[in-house]
Amino acid sequence: MKLWMIYDREGMERNASYIQMYRERCRTYEIQVEPVLTETLPRRLRDGQMPVCALVRTICPKINQMLEQAKIPVFNSYQVSYVCNHKGRTLEYFKDQVLSVPSLTFSGKDLTDILSKKPGEFVNMFEKQFCYSNSFEQEERELIYRASEFVIKAVDGHGGTQVFSIEEDKRQVLEGIGGHDFVLQPMIGGGSSAEGGRSQDVRVYVVGKKIFAAVMRSSSRDFRANFSLGGEVRRYELSGQEVRIVKTVLDKMEFGMVGIDFIVDGRRRLILNEIEDVAGARMLYQCAPELDIVQEYLQYILEEKLPNS
């Protein structure tokens, strides 16, 4: 039996060691891991090839949908890929369940107009266009009205590379967003004054309905605390209240393995920021090498979701 790991060409080359981890752990199940390039997938499906399941490790919801239509168990599902690989959709989907970053979505052609506006105009823009949640309207208003800056993010960006303050050089923003649709959000300050105003966020790794581990990312140099941009990382223990917040997200959608990202504001609240569908594990293995999320994920798929495979 084979388990497909589907990548674009660049991703396959970059993740050779990650693929090897899956190969080593799949030996227990007598399953062969086969890396599959996205461009070869249609031909394989036409030929009737049927793996025991497929792990989509590239961002393209149509691929998840194609596999589901071929009756191949796919992780994550098309629904997860479609919602979570678009920052605007993610926040709209979950905003009545948990306090989420207020967000307006725009077409890429609107970027020049947005960049021409003065900072004070953004609050009025949210007041006119933002649809407040049924559960957190007061908190959302506070986040918008107290923001001293606003942030622009490509809806499909990852790793913090297409995230900009509205105050940054406009040419850099235009080049960085590159015609992508984008979201406009209030910048949410992280950390207390005692901590030097550090930007902080928490990634919660989940497998199925289980909270596997959490990592805090922080930066004293940049409002972006991403590990790939030089943010510091450490293992983080969720409080009882924070566990309840995460479980509220898990009750709303069925995941395989994802990273749920929360911004930590000045009041130490977790505010949903985005959900990483194709979540990497490098940061987790660095913080907690004793934890093996690949093994956990395979056990979940092959023993719980596909027990008769």
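This one's a predicted model, so the numbers in the text were calculated from it and none came from an experiment.

Conventions we followed
Residues numbered from 1 in each chain as written. Predicted model: local features only at pLDDT ≥ 70, side-chain atom pairs only at ≥ 80, totals over all residues. Heavy atoms only, no water. Helix = DSSP H or I, 4+ residues; strand = E, 2+ residues; numbered from the N terminus. Rg over C-alpha atoms; globule rule 2.2 N^0.38 Å. Contact = heavy atoms within 4.5 Å. Areas by Shrake-Rupley, 256 points an atom, 1.4 Å probe, with all protein chains shown as cover. Pairing = 2+ DSSP bridges. Phe/Tyr/Trp six-rings, centres within 6.5 Å; stacked < 30°, edge-to-face > 60°. Buried < 20%, exposed > 50% of the residue type's maximum accessible area, 1.4 Å probe, protein only. Lys NZ or Arg CZ within 6 Å of the ring centre and 35° of its normal.

Chemist: Can you help me understand the overall build of the protein in this one?
Modeler: The helix and strand tally for the protein stands at 13 helices and 13 strands. Computed over its C-alpha atoms, the radius of gyration of the protein comes to 20 Å, within 12% of the 19 Å expected for a compact globule of 309 residues. Overall, the protein is about 60 × 40 × 35 Å in size when its C-alpha atoms are taken along their principal axes. Here the contacts in the protein between residues at least 6 apart in sequence split such that 66% fall between residues at least 24 apart. Of the roughly 14400 Å² that the protein leaves accessible, carbon and sulfur atoms contribute 45%.

Chemist: Even after reading the chapter, I still don't get unusual backbone geometry, so can you show me in this structure?
Modeler: Apart from glycine, the bulk of residues carry a negative phi angle, and the bulk of peptide bonds sit in the trans form. Omega for the peptide link from Phe-75 to Asn-76 comes to -5°, which places this bond in the cis form. You can see Asn-76 is positioned in the loop between β4 (74-75) and α5 (78-84). We note that Lys-71 has phi near 65°; this positive angle belongs to a residue other than glycine. Checked against the element boundaries, Lys-71 lands in the loop between α4 (61-69) and β4.

Chemist: Would you take a moment to explain the sheet that holds strand β3 (residues 53-56) for this structure?
Modeler: Through backbone hydrogen bonds, the strands of a sheet pair up, either in parallel or in antiparallel fashion. If you trace the four strands from one edge of the open sheet to the other, you get β2-β1-β3-β4, paired in parallel fashion. Each having just a single partner strand, β2 (32-37) and β4 make up the two edges of the open sheet. In terms of strand pairing, strand β1 (residues 2-7) meets β2 through six bridges, oriented parallel. Across the sheet, residue Lys-2 finds its bridge partner in β2, namely Gln-32.

Chemist: Help me understand the packing of aromatic side chains, please; the structure alone is not making it clear to me.
Modeler: In this description, an aromatic ring pair is defined by two values, namely the gap between the centres and the angle between the planes. Evaluated as defined, the whole model comprises eight aromatic pairs. Residues Phe-122 and Phe-150 carry aromatic rings whose centres are separated by 5.4 Å and whose planes lie at 45° to one another, so their mutual orientation is tilted. With a gap of 28 residues between them, Phe-122 in helix α8 (residues 120-129) and Phe-150 in strand β6 (residues 150-154) connect regions that are remote in the sequence. Like Phe-150, Phe-122 is buried. One aromatic cluster is present, built from ring pairs that chain together Phe-122, Phe-126, Phe-130, Tyr-132 and Phe-150. Geometry around Tyr-132 places Arg-141 over its ring, the cationic atom sitting 4.1 Å from the centre.

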